[in-house]
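Residue strings, one per chain:
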Amino acid sequence: MPEIQKIGSFEANVSRKLGDGGFGEVFRAKDQSEDPPVECAAKKIPLKSKSDVEVVEHEVDVLKAVSGHPAVIGLRGFHKDERFAWLFMELATGGELFDRLIDSGNLSEKACWPYAKALVEGVLHCHNHGVIHRDIKLENIMLSAEDPGAIKLIDFGLAAQMKAGADGKPVFEKLYESVGTKSYRAPEINDKSGYMGPPVDTWSMGVPPLRICPECACAPTAVPALALPPMPTPPL
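Anyway, here's the lowdown on the structure attached to this text.

Some thoughts on the overall build of the protein
No. 1: Assigned secondary structure in the protein consists of 5 helices and 10 strands.
No. 2: Each of the three principal axes of the protein carries a C-alpha extent, and together these read 55 × 40 × 30 Å.
No. 3: Put simply, 57% of the contacts in the protein that link residues at least 6 apart link residues at least 24 apart.
No. 4: When the accessible surface of the protein is summed, it comes to about 12600 Å², and 54% of that surface belongs to carbon and sulfur atoms.
No. 5: Within the protein, the 33 negative side-chain charges are centred at a point lying 2 Å from the centre of the 26 positive side-chain charges.

Next comes the structure, spelled out in structure tokens:
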């Protein structure tokens, strides 16, 4: 029998674990406020200190800011008590892009194209809403079983959120934390004089296509050029 834990309008099946890590555990869940109930993912995070609470609340704020784009994981709900926080998010049914690389080996440039395009669009959406991800990597790009070309950018635990200016647009300021996965990290992140957010995400999002498609290191020939607006330019 499945072990069901009810949290508000959500039901988490804690006998069906989807993954775990230093942050906690992820389980299969259902949003019972919908008719019919909607499958989702439940991220259970232990709250051992005030710092843990602040980190979780920051991630929730970031997810609320960027939810609504097809290439970014959406937040469905949040619940917190004295011991645990629960983040209820869209369910990405296709596993990690990293797993696709392990299972299928290197991809062709044509097969890589939908993932690269969706990733650029998702990161651009985040930047337009003042969010710098800072940990873009294969393990944080989820796939969809229903739409083989779709992705979901996940795990905004290391993200930075910029304040909005008088015009409502984000004002990009220097960041100083040395964060992110080393093999995806832009060189300037290690510079003690600070770094601007959009360029380091741009560096990191160029790594996954190169890792899954060696052809992408050469001049593109099999796919059309990206027809996207430019990344926001930070002030000097």
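A word on the nonpolar core
No. 1: Counting residues in each nonpolar core, the largest one holds 41 residues, and the members touching the most others are Leu87, Leu119, Ile151, Phe156 and Ile212.
No. 2: Every element with two or more residues in this core is listed here: helix 1 (50-66), strand 6 (84-89), helix 2 (97-104), helix 3 (109-128), strand 8 (141-143), strand 9 (151-153) and helix 5 (207-212).
No. 3: Per element, the largest residue contribution to this core is 7 residues, and it comes from helix 3.
No. 4: Ignoring anything within four residues of it in the chain, the contact list for Ile212 reads Leu97, Leu101, Asn106, Leu107, Cys112, Tyr115 and Leu138.

Considerations on the pairing of strand 4 (residues 38-46)
No. 1: Where strand 3 (residues 24-31) meets strand 4, 7 bridges bridge the pair, whose relative direction is antiparallel. The residue of strand 4 that forms the bridge with Arg28 is Ala41.
No. 2: Between strand 3 and strand 4, which pair antiparallel in sequence order, lie 6 residues.
No. 3: One ladder, built from 6 bridges, connects strand 4 with strand 6; its direction is antiparallel. Counted as the bridge partner of Pro46 is Phe84 from strand 6.

Some words on helix 1
No. 1: An ideal rise of 1.5 Å per residue puts 24 Å on 17 residues; helix 1 measures up with 25 Å between its terminal C-alpha atoms.
No. 2: Among all positions in helix 1, only Val56, Glu59, Val60, Val62, Leu63 and Val66 are buried. Across the axial projection of helix 1, the buried residues extend over an arc of 165°, all falling on one side. Pointing more than 90 degrees away from the buried face of helix 1 are the exposed residues Lys50 and Lys64.
No. 3: Considering only its buried residues, helix 1 is in contact with strand 4, strand 5 (75-80), strand 6, helix 3, strand 7 (131-132) and strand 10 (160-161).

About the criteria used
Residues numbered from 1 in each chain as written. Predicted model: local features only at pLDDT ≥ 70, side-chain atom pairs only at ≥ 80, totals over all residues. Heavy atoms only, no water. Helix = DSSP H or I, 4+ residues; strand = E, 2+ residues; numbered from the N terminus. Contact = heavy atoms within 4.5 Å. Areas by Shrake-Rupley, 256 points an atom, 1.4 Å probe, with all protein chains shown as cover. Lys, Arg positive; Asp, Glu negative; His and termini not counted. Charge placed at Lys NZ, Arg CZ, Asp CG, Glu CD. Core = buried A, V, L, I, M, F, W, Y, C linked by side-chain atoms within 4.5 Å. Buried < 20%, exposed > 50% of the residue type's maximum accessible area, 1.4 Å probe, protein only. Pairing = 2+ DSSP bridges. Expected span 1.5 Å × (residues − 1). Arc of directions from axis to C-beta.

Nothing here speaks to function; it is all geometry.
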